[in-house]
Amino acid sequence: MKKYFVRILPKDEVLDVQGRAVLQMLKSQKHPVASIRVGKLIEVVLNENVSQAQEVLKKITAEGLYNPLVEVAEVEGL
Amino acid sequence: MKVGVVQFPGTNCDRDVFQWLVDQGHSPTYLWHQDRFDRGSFEACVIPGGFSFGDYLRSGALAARSSVMKSVSEMAKSGKPILGICNGFQILCEAGLLPGVLMQNQKGNFIDDWADLKNPLNNKKIRLPVAHGDGRYFASSDTVKKLWDQNQVNWCYERADFNGSVDEIAGVQCLSGNVKGLMPHPERAYQNWMGSTDGWQFWI
Amino acid sequence: MDLNLKLKKYRIKPEEYDLICKLLNRPPEGVEWALFSSLWSEHCSYKSSKNYLKAFRSEDPRILTDEGENAGVFDLGFDERMAFKMESHNHPSFIEPFHGAATGVGGILRDIFTMGARPIALANFLCFGDSESPRMKSILRGVAKGISTYGNCVGVPTVTGATHSESEYNSNVLVNAFALGLFEKGQKMISAKACGIGNLVVYVGAKTGSDGVHGASMASESFDSQIEAKKPTIQIGDAYFEKLLIEACLEVLEKDLVVAMQDMGAAGLTSSSFEMASRGGVGFNLNLSEVPLRDSRMGPEEILLSESQERMLLICEPSKKAQLEGIYQRWGLEFKVIGEVVQDRRIQLKWQNEVICEIDPDLIVEHAPRYQRPYHQLQVQDLNLLKNHLVQCEKDWMDPEWIYRQFDQRVGLRTEVGTGNPVASLRLKSNRNLGIAVGARPWLLKMDPKLGAYDAAIEPCLKLMAQGFYPQAMTDCLNFGNPEKVEVMSQFVAAVEAISDVAKIWKAPVISGNVSFYNETENRNIIPTPAVAVVGLKSSSDLKIGSCLSEEGMTVGVLYLQKLSDPFDAKKIFESASLFFKELLQGRVRSARLVTEKGLDYCLFKMSESGFGIGMSKNQTQLQACLYQYVVEAGPDFWKNLKIPFEIIGTTKKTNQSVNSKTANRFNQTWGLI
């Protein structure tokens, strides 16, 4: 079964509060990290007989998997 | 008793815990997350509730890795009483001082409510307030079995499906018994007007 | 750029442009466009409302602030002082409910702690559209989550509020947030007036990003079909960061290291710096290149307009800088000196070593237009018109428990009574309690805007008195449509008149407030909604008058405070309530509750949740229809001397009734919640 992934990250210009906190923690422990962005990875498996995977995934993603006001989503595995 | 009260950026029940300890006759001192302390300086230690580091990544994940927790760990190993309340419980689990993990509540909502609790070891019943978004206790079935066999479960929710915790577990302790964690807040129920006094002399 | 296009881009009206040219003796240049655009927006300048808000002025000696401070501060006696205010975040909450509502809470909290008071309670007032209207279910969920997440994380309990649903809010929801803070004994109240030539202007908190650029102008504009295009202006709040900011600021204020402080709210750095300088009668030299940036591509105009959250501007003496910096850094916050206070009354802005603007802050702050928009006088109508509406309706028995169960009630160890009750009750160190109640009922405001405005202030006062709290002071959040429409302006003026009348009668002055205009979409305006929050004081924590029945064998009766058959008389309502209150203070009342539009049966249903019911000797049809009536449980010595019209309805008895969740379930069903 083919697995697709929807990779969701905060938009560049939007404040990533999680990324900021994690970066601060890592920096305080002296790790050489320049930047951190925290997002989500959603694993999607489609029904057996689905043909137009790209179209379907586009629709699913727009269905509310991510918030287009503040996030960007990329589909992987196509 | 001389009690250390740990403070992380984002901890918000520290002042409440401090007051609770003072009113019970103890001498609390705040312990800042970036500082180590000598494990002999205190007789006990509390990690209060709140949103340490905003609960970012996972609740308690960032706090568990801070300097002060190294000292707390040493204190735990020396057998002194350590209490983790709510976020404190989450931090103790993330730090490996207690087994299991606290995950998002079953229904996905923050719960503010009163909880009827039972201690399975002596059937004592108490009533304490809860306020948490990640209160669902989870551990592998092997771990859960060990916890029951080794008498490490010390509080359970009376109401079924309270927040989805396995076996309705609300609080556990380590094998040696000195490190305890629970999701409900004893420091919010120790005077009559608060609605319950079961938090009075609840721990030490 | 073509002038008309520019006026549109910066949302400046042609008449305003003419006024600017007059004030400057020339057309505006460079960043001056952005400065006028944001500071002359309705949201920042209050140009349509300022003239009328004078009606709220009071000489009450318990008010410790004068106009122009961030929040109102009130003396409670016994060395205790409180600060409180209510604010709106309507437009952003409609566009992005979670973040819009969250940042609304953040904003109001900053107005409180910037004065030196620790925020100890939050409340909210929410108006949604029909559950079936587009997006409304997800808006309700988003708003509830936004408010709860922010309040809980920052560690301030959300203790009361109100939720309403009417179709007039389908395209314009209302999210009003109230915050109350207490001053520690001896803590100096901090001003927002800059002073001290040579003092430093310091930026603290989060880095500046392009959040909310042009946000203040957005809030001052009605929605049209182009709502999608407005999307980029969403501000992201971080309650965790705000908590750090609260602790750091309270620490520096306690240590007396700061001369003045102001939060960067609407119109960010612009409003805070210009207002601080103007009110202090001084000038600033500001170097915009020193502002800590999250996005290095930002230019001076964006920096001035950014509404990135969790930032404060403070003024300090140079000798205190090192200590201040140490404290902010310990809390992980940015700390940067971005300027200094100068004698010349002008703000000089520098960018990359070049002076890009030099302007008298008074021109923008003090000389903002003040509109006398046309309106006509409204009167309170015949109360009998309310009769049909006051017949209780099963479908209205809904309880938004799903929303308020998500609020942490008890953090802070002060909450004695929280949500799900008519009034919230918080313990003070002086063995007294503060009570908070919120008012404004859209169904009534729709039928009679003036009466509804009276009600917005009277209802919470009556609720407080029923539980033994005497109203001390109020705040308001005046939510209205487009003030350029005569009808809306009339409703606004009527509301201000009504609320200030109640404030005078009850001697509970309005000490702070907020105005939100342009809650209008495609020419449809919202119901005029002046929300009011009243804070009351109970003279002793030991005086406990609950809102549920408490003893067996007590007589229960109904006190008529305002019958529908009588002309509306606010003074008379106050007098009757005061007589009741006098009896209450003598210990003659066991429990009491104000009957709402849900009717007497609902009131009795709620009163029975304590396990006591009533053996009824009369039913509702035998009683007089009222706008205001109390149900009171008391012994014979209360009833025999009572000088207020009343009717006995029964005697209390023990039942086995427990709390019923049918009203909560009905709400969940309607809104598709689990």
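What you see is a predicted model, and the numbers here were worked out from it, not measured in a lab.

### Describing the overall build of chain C
Inference 1: Helix and strand counts for chain C come out as 22 helices and 25 strands.
Inference 2: For 674 residues, the compact-globule estimate of 2.2 N^0.38 gives 26 Å, and the C-alpha radius of gyration of chain C, at 25 Å, lies within 12% of that figure.
Inference 3: Dimensions along the principal axes, computed over C-alpha positions, put chain C at roughly 85 × 50 × 50 Å.
Inference 4: Looking at chain C residue by residue over its 674 residues, the buried ones come to 56%.
Inference 5: Look at the contacts in chain C between residues 6 or more apart in sequence, and 85% of them connect residues 24 or more apart.

### Some thoughts on the overall build of chain B
Inference 1: A count of helical and extended segments in chain B gives 5 helices and 11 strands.
Inference 2: Dimensions of chain B along its principal axes, counting C-alpha atoms only, are 40 × 40 × 30 Å.
Inference 3: Considering chain B as a whole, with its 204 residues, one finds that 56% of them fall into the buried category.
Inference 4: A sequence separation of at least 24 residues applies to 72% of the contacts in chain B between residues at least 6 apart.

### Some thoughts on the sheet that holds strand β10 (residues 334-342) of chain C
Residues and elements named next belong to chain C.
Inference 1: Taken together, 7 strands build an open sheet; the order of strands is β7-β9-β6-β10-β8-β11-β12 and the sheet is mixed. In this open sheet, the two edge strands, each paired with only one partner strand, are β7 (260-263) and β12 (354-359). Pairs of neighbouring strands in the sheet enclose a mean axial angle of 20 degrees, with direction left out of account.
Inference 2: In terms of strand pairing, strand β6 (residues 200-205) meets strand β9 (residues 311-316) through 6 bridges, oriented antiparallel. What sits directly across from Y203, in β9, is L313.

### Some points on the domain arrangement of chain C
Inference 1: The domain boundaries assigned to chain C delineate domain 1 (50-183 + 373-538), domain 2 (190-365) and domain 3 (555-663).
Inference 2: Here the C-alpha centroids of domain 2 of chain C and domain 3 of chain C sit 52 Å apart.

### Describing the nonpolar core
All names here are of chain C.
Inference 1: I436, A457 and I499 are the most contacted members of the largest nonpolar core, which has 285 residues in total.
Inference 2: When residues of this core are assigned to their parent elements, the largest contribution, 12 residues, is made by helix α18 (residues 486-506).
Inference 3: Non-local contacts of A457, meaning those with residues more than four positions away in its chain, are made with G439, M474, I499, V502, A503, V532 and V534.

### Notes on the interface of chain C and chain A
How big an interface is tends to be stated in terms of the accessible area lost upon association of its parts.
Inference 1: Counting from both sides, the interface comprises 13 residues of chain C and, opposite them, 8 residues of chain A.
Inference 2: Considered class by class, the residues forming the side of chain C that touches chain A number 4 nonpolar, 3 polar and 6 charged.

### Regarding the packing of helix α7 (residues 97-113) of chain C against helix α8 (residues 136-154) of chain C
In a pair of packed helices, the angle between the axes and the distance between the axes together describe the arrangement.
Residues and elements named next belong to chain C.
Inference 1: In contact at an axis separation of 7 Å, α7 and α8 are set at 35 degrees when each is read in the N-to-C sense. The interaxial crossing formed by α7 with α8 has right-handed handedness. Seen from α7, the contacting residues are P97, F98, H99, G100, A101, A102, V105, G106 and L109; seen from α8, they are I139, G142, V143, K145, G146, I147, T149, Y150, G151 and V154.
Inference 2: The residue inventory of the contact of α7 with α8, partitioned by class, reads 11 nonpolar, 7 polar and 1 charged.

### A short note on the sheet that holds strand β3 (residues 118-128) of chain C
Residues and elements named next belong to chain C.
Inference 1: What the 5 strands build is an open sheet, ordered β1-β2-β5-β3-β4; its pairing is mixed. In this open sheet, the two edge strands, each paired with only one partner strand, are β1 (72-77) and β4 (158-165). Across the sheet, the axes of successive neighbouring strands diverge by a mean angle of 20 degrees, strand direction being ignored.
Inference 2: By the bridge criterion, 7 bridges tie β3 to β4 in an arrangement that is parallel.

### Examining α7 of chain C
Inference 1: With 17 residues, α7 of chain C ought to run about 24 Å at 1.5 Å a step, and its terminal C-alpha atoms sit 25 Å apart, in line with that.
Inference 2: By the criterion of burial, α7 of chain C is predominantly enclosed, with 17 of the 17 residues buried.

### Observations regarding unusual backbone geometry
Inference 1: Phi is positive for C86 of chain B, which is not a glycine, with a value near 55 degrees.
Inference 2: Looking at the element boundaries, C86 of chain B is found in the loop between β4 (82-85) and α4 (87-94).
Inference 3: For Y518 of chain C, which is not a glycine, the phi torsion comes out positive at approximately 65 degrees.

### A closer look at the interface of chain C and chain B
Inference 1: Between chain C and chain B, the residue contacts involve 23 residues of the former and 20 residues of the latter.
Inference 2: Among the elements of the structure, α8 and α10 (239-254) of chain C are those that each provide at least two residues to the side of chain C that touches chain B.
Inference 3: The residue makeup of the side of chain C that touches chain B, split by class, is 8 nonpolar, 8 polar and 7 charged.

### What to know about the packing of α18 of chain C against helix α19 (residues 570-585) of chain C
Residue and element names in this part refer to chain C.
Inference 1: Viewed as axis vectors pointing N to C, α18 and α19 meet at an angle of 35 degrees, and their least axial separation amounts to 10 Å. Considering only the axes of α18 and α19, their crossing is right-handed. Two secondary-structure elements touch here, α18 through D501, V502, I505 and W506 and α19 through A570, K571 and F574.
Inference 2: Residues of the contact of α18 with α19, tallied by class, amount to 5 nonpolar, no polar and 2 charged.

### A look at the environment of M261 of chain C
Residues and elements named next belong to chain C.
Inference 1: With respect to the secondary-structure elements, M261 resides in strand β7.
Inference 2: The class for M261 is buried, based on 27 C-beta atoms found within 10 Å.
Inference 3: Along the primary structure M261 and R590 are separated by 329 residues, whereas in three dimensions their C-alpha atoms are 46 Å apart.
Inference 4: Discounting residues that sit within four places of it in the chain, M261 has contacts with T114, I190, A192, M312 and L314.

### Regarding the pairing of β10 of chain C
All names here are of chain C.
Inference 1: Here β6 runs beside β10; their pairing, made up of 6 bridges, is antiparallel. Across the sheet, residue Y203 finds its bridge partner in β10, namely K336.
Inference 2: Here strand β8 (residues 283-287) runs beside β10; their pairing, made up of 4 bridges, is antiparallel. When the sheet's bridge partners are listed, G283 is paired in β10 with V342.

Rules behind the numbers
- Residues numbered from 1 in each chain as written.
- Chains lettered and ligands numbered in written order.
- Predicted model: local features only at pLDDT ≥ 70, side-chain atom pairs only at ≥ 80, totals over all residues.
- Helix = DSSP H or I, 4+ residues; strand = E, 2+ residues; numbered from the N terminus.
- Rg over C-alpha atoms; globule rule 2.2 N^0.38 Å.
- Buried ≥ 20, exposed ≤ 12 C-beta atoms within 10 Å, placed from the backbone.
- Contact = placed C-beta atoms within 7 Å.
- Pairing = 2+ DSSP bridges.
- Axes fitted to C-alpha atoms, helices over the stretch in contact; angles between N-to-C directions.
- Domains from an automatic or database assignment.
- Core = buried A, V, L, I, M, F, W, Y, C linked by C-beta atoms within 7 Å.
- Nonpolar A, V, L, I, M, F, W, Y, C, P; charged D, E, K, R; others polar.
- Left-handed = near helix turned anticlockwise from the far one by under 90°.
- Expected span 1.5 Å × (residues − 1).

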